[in-house]
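Architecture and fold: a report
Take a look at the letters that make up each chain.
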Amino acid sequence: MSLETPVVPHADRTTWAKRNPAANVQASREPTHKLTDAKKAMCKLAAELKKTGQVALNAAVSTYLLEQTEKLNALAAVYNVKVKRIEDMVNSQTHYKKSQAPTLQNAIVHFLAKKVNSYLPVGYRKTLAELKVMAQDDLDVQSFTKDDEENLIIELIEYRAFKKTGVRATNKVASQDILLTLDRVINELDCLADRTGFSTFILGARNSVNDEALPTFHGSGDSMEFFSEVLERDPWELARLFEQWLCKREKSNITNIKRIEMNYTNYETTIVQAHGVKLIGFSLNQFVNPSEVTNITDMQQLHNALRSGECKWIRLLQPELDIHAEGCKACHKDGEVVGKPRKKRCDAGVLRGKQKRAGMDSDKEKQDTLSKKQRTSHLLTQSKLNTGLQRQKKRPKSCEFINLD
């Protein structure tokens with residue numbers, strides 16, 4: 001069988017999303033449209049009204065704070081306590097917040113956002129407040145059953161998980177995500193070191209030369225001295241070495257899957273079709289495991305091809321995979337065998353696992369339904385058979401040679 005794929009440029013691997021085609025990719029935000037003169041005038045008027053309202057709000061808040069101070073002083077005088085104690089009781093709050101499960105209201109708003117905003121351009125989409133008002137009057141929402149409401153909550157949970165782990169679509173968006181996340185983590189670790197004296201360090205780098213993120217190192221507490229005193233290395237030198245190791249490792253692992261095994265017998269299906277990669281420049285006449293080759297000349301030729309880079313793995317584009325799949329189907333129609341079919345089990349048709357245990361349980365139930373006399377006779381017969389087998393085992397064997405001395 002010969003399945004030839006046309007020669008096309010190598011697959012694009014310039015972003016993390018393109019290097020992981022099977023992962024869920026978060027769509028990038030659409031660019032905002034330029035405002036027209038009428039829209040600019042409306043925004044200017046809204047800003048002036050907002051500024052006027054803010055001035056009035058500031059005056060009202062100042063009056064409220066003055067009244068609150070007078071009220072707190074009066075309470076402190078009545079109950080003979082300090083004003084600070086009453087302020088702590090009024091303004092008490094905690095840092096720790098429990099994670100709240102998605103509510104039905106949040107799930108309905110998410111459903112309406114997909115239903116309405118998906119067809120509107122940027123700048124004309126409904127806000128959260130408008131969606132909450134729509135949720136009260138929407139006919140589809142009012143006709144939801146209990147199962148529909150549960151499905152909406154499940155969809156919202158899946159969407160939130162997707163937003164947490166979904167792959168970034170471009171290198172620019174990925175770099176922004178990395179910077180914001182690292183700033184938040186570094187701030188938390190620095191505060192942790194100030195509060196508890198717990199020293200930590202972060203070492204991060206990109207895993208491809210196409211990424212825009214720079215290597216990062218940060219140490220809190222006394223962790224920076226560890227590298228100079230113990231490892232005798234500059235931390236930033238380690239960061240650069242870490243980046244080189246990651247980029248080299250990514251280049252050598254084209255599938256981004258750990259612990260994958262080569263399958264020469266079913267190469268067309270389990271390797272090419274399953275992982276979208278292909279081995280080119282294979283110098284042997286037959287595509288077989290090199291351990292099966294007994295000719296030293298062929299082995300040297302294959303070794304030279306691997307060292308020179310002529311024999312290497314490439315990633316296939318989706319059109320190439322479609323052509324390859326059509327070729328496999330054509331071979332099946334012509335009666336050719338693609339790969340090696342799986343051998344049929346010798347115990348095919350026999351119950352195994354849970355089904356076997358279920359069958360044993362049913363046999364036990366049948367046995368329990370037998371009469372007492374039948375069970376007794378069955379046990380006696382089984383006991384006699386076991387006794388006869390034991391006697392046969394204990395019977396002495398005759399010697400092949402008899403010693404007459």
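Residues numbered from 1 in each chain as written. Predicted model: local features only at pLDDT ≥ 70, side-chain atom pairs only at ≥ 80, totals over all residues. Heavy atoms only, no water.

1. Some details on the overall build of the protein
Regarding its fold elements, the protein presents 15 helices and 6 strands. Counting all 405 residues of the protein, 20% fall into the buried class. Long-range pairs, those at least 24 residues apart, make up 63% of the contacts in the protein with a sequence separation of at least 6. Carbon and sulfur atoms make up 55% of the accessible area of the protein, which totals about 32700 Å². (Helix = DSSP H or I, 4+ residues; strand = E, 2+ residues; numbered from the N terminus. Buried < 20%, exposed > 50% of the residue type's maximum accessible area, 1.4 Å probe, protein only. Contact = heavy atoms within 4.5 Å. Areas by Shrake-Rupley, 256 points an atom, 1.4 Å probe, with all protein chains shown as cover.)

2. Some words on the confidence of the model for the protein
Per-residue confidence for the protein gives a mean pLDDT of 78; residues scoring 70 or more make up 76%. Under a pLDDT of 50 for its full length, residues 1-8 has, in the predicted model, 17 contacts with residues more than four places off or in other chains. (pLDDT = per-residue confidence, 0-100.)

3. Remarks on the packing of helix H11 (residues 267-275) against helix H13 (residues 318-333)
For the pair H11 and H13, the least separation of the axes is 11 Å and the interaxial angle reads 160°. The angle between H11 and H13 falls in the class roughly antiparallel. Crossing geometry of H11 relative to H13 is assigned as left-handed. In this structure, H11 uses Glu-268, Val-272 and Gln-273 to contact H13, whose residues at the interface are Leu-321, His-324 and Ala-325. A breakdown of the residues in the contact of H11 with H13 according to their chemical character gives 3 nonpolar, 2 polar and 1 charged. (Axes fitted to C-alpha atoms, helices over the stretch in contact; angles between N-to-C directions. Parallel < 35°, antiparallel > 145°, perpendicular 65-115°, else oblique. Left-handed = near helix turned anticlockwise from the far one by under 90°. Nonpolar A, V, L, I, M, F, W, Y, C, P; charged D, E, K, R; others polar.)

4. Comments concerning the nonpolar core
Within the largest apolar cluster, 14 residues are counted, with the highest numbers of intra-cluster contacts made by Tyr-267, Leu-279, Phe-282, Leu-284, Leu-302, Cys-311 and Leu-316. Those elements giving two or more residues to this core turn out to be H11, strand E5 (277-280) and helix H12 (296-308). Sort the elements by how many residues they give to this core and H11 lands first, with 3 residues. Those residues in contact with Leu-279 that lie beyond four places of it in its chain are Tyr-267, Phe-287, Cys-311, Lys-312 and Trp-313. (Core = buried A, V, L, I, M, F, W, Y, C linked by side-chain atoms within 4.5 Å.)

5. Considering unusual backbone geometry
For residues besides glycine, phi is generally negative; the peptide bonds are generally trans as well. Even without a glycine there, the phi angle at Asn-80 is positive, about 55°. The residue Asn-80 is located in the loop between helix H2 (37-79) and helix H3 (83-90) in this model. Positive phi is not limited to glycine here, since Glu-232 has a value of about 55°. Residue position: Glu-232 is located in the loop between helix H9 (223-231) and helix H10 (235-252). Since its relative accessible area comes to 66%, Glu-232 is described here as exposed.

6. Here we look at the packing of aromatic side chains
The description of an aromatic ring pair rests on the distance of the ring centres and on the angle between the ring planes. Overall, the coordinates contain 8 aromatic pairs when judged by the stated rule. Ring centres of Phe-217 and Phe-227 lie 5.1 Å apart, and the angle between their planes is 85°; this geometry places the pair in the edge-to-face category. Linking Phe-217 in strand E4 (residues 216-220) with Phe-227 in helix H9, this pair joins segments that are 10 residues apart in sequence. For the pair Phe-217 and Phe-227, a shared accessibility class is recorded, and that class is buried. Here the aromatic residues Phe-201, Phe-217, Phe-226, Phe-227 and Trp-236 are joined through ring pairs into a cluster of three or more. (Phe/Tyr/Trp six-rings, centres within 6.5 Å; stacked < 30°, edge-to-face > 60°.)

7. With respect to the pairing of E4
In terms of residue burial, E4 counts as a mostly covered element, since 4 of its 5 residues are buried. In terms of strand pairing, strand E3 (residues 200-204) meets E4 through 5 bridges, oriented antiparallel. Residue pairing across strands places Phe-201 opposite Gly-219, the latter belonging to E4. (Pairing = 2+ DSSP bridges.)

8. So, the side chain of Thr-216
Inspection of the secondary structure assignment puts Thr-216 in strand E4. By relative accessible area, Thr-216 is classed as buried at 19%. Of note is the side chain of Thr-216, whose polar atom sits 3.3 Å from the backbone oxygen of Leu-214. Ignoring sequence-local partners within four residues, the contact set of Thr-216 consists of Leu-182, Ile-202, Leu-203, Gly-204, Trp-236 and Ala-239. (Polar contact = N/O pair within 3.5 Å; in protein donor to acceptor, adjacent residues only side chain to side chain.)

9. A short note on a nonpolar patch on the surface
Among the surface-exposed residues, Leu-57, Val-61, Tyr-64 and Leu-65 lie close enough to one another that they form a single nonpolar patch of about 370 Å² accessible area. Along the chain, Leu-65 falls in helix H2. Using a relative accessible area of 43% as the deciding quantity, one classes Leu-65 as partly exposed. (Patch = residues over 30% accessible without salt bridge, like charges linked within 9 Å, V, L, I, M, F, W, Y side chains within 5 Å. Salt bridge = Lys/Arg side-chain N within 4 Å of Asp/Glu carboxyl O.)

10. Observations concerning helix H4 (residues 104-117)
Compared with the 20 Å implied by 1.5 Å per residue over 14 residues, the 19 Å span of H4 between its first and last C-alpha is a close match. Three or more residues of H4 are buried, namely Ala-107, Ile-108, Val-109, His-110, Leu-112, Val-116 and Asn-117. Those residues of H4 hidden inside the fold are in contact with helix H5 (128-137), helix H6 (139-142) and helix H7 (146-165). (Expected span 1.5 Å × (residues − 1).)

11. Details of the environment of Cys-191
With respect to the helices, strands and loops of the structure, Cys-191 is situated in helix H8 (residues 171-196). Separated by 30 residues in the primary sequence, Cys-191 and Gly-221 have C-alpha atoms spaced 9.8 Å apart.

12. Concerning the pattern of salt bridges
One pass over the structure, following the stated rule, counts 7 salt bridges. A salt bridge links Asp-138 to Lys-115, with the nearest nitrogen and oxygen atoms 3.5 Å apart. Of this pair, Asp-138 sits in the loop between H5 and H6 while Lys-115 sits in helix H4; the two residues are 23 residues apart in sequence, bridging distant segments of the chain. For Asp-138, a relative accessible area of 13% puts it in the buried group. In this structure, the salt-bridge partner of Asp-140 is Lys-115, at a minimum N-O distance of 2.7 Å. Note that Asp-140 is positioned in helix H6 and Lys-115 in helix H4, a separation of 25 residues in sequence. For Asp-140, a relative accessible area of 38% corresponds to the partly exposed category. Here Lys-115 falls in the partly exposed class, since its relative accessible area comes to 32%. Overlapping salt bridges bring together Lys-115, Asp-138 and Asp-140 as one network.

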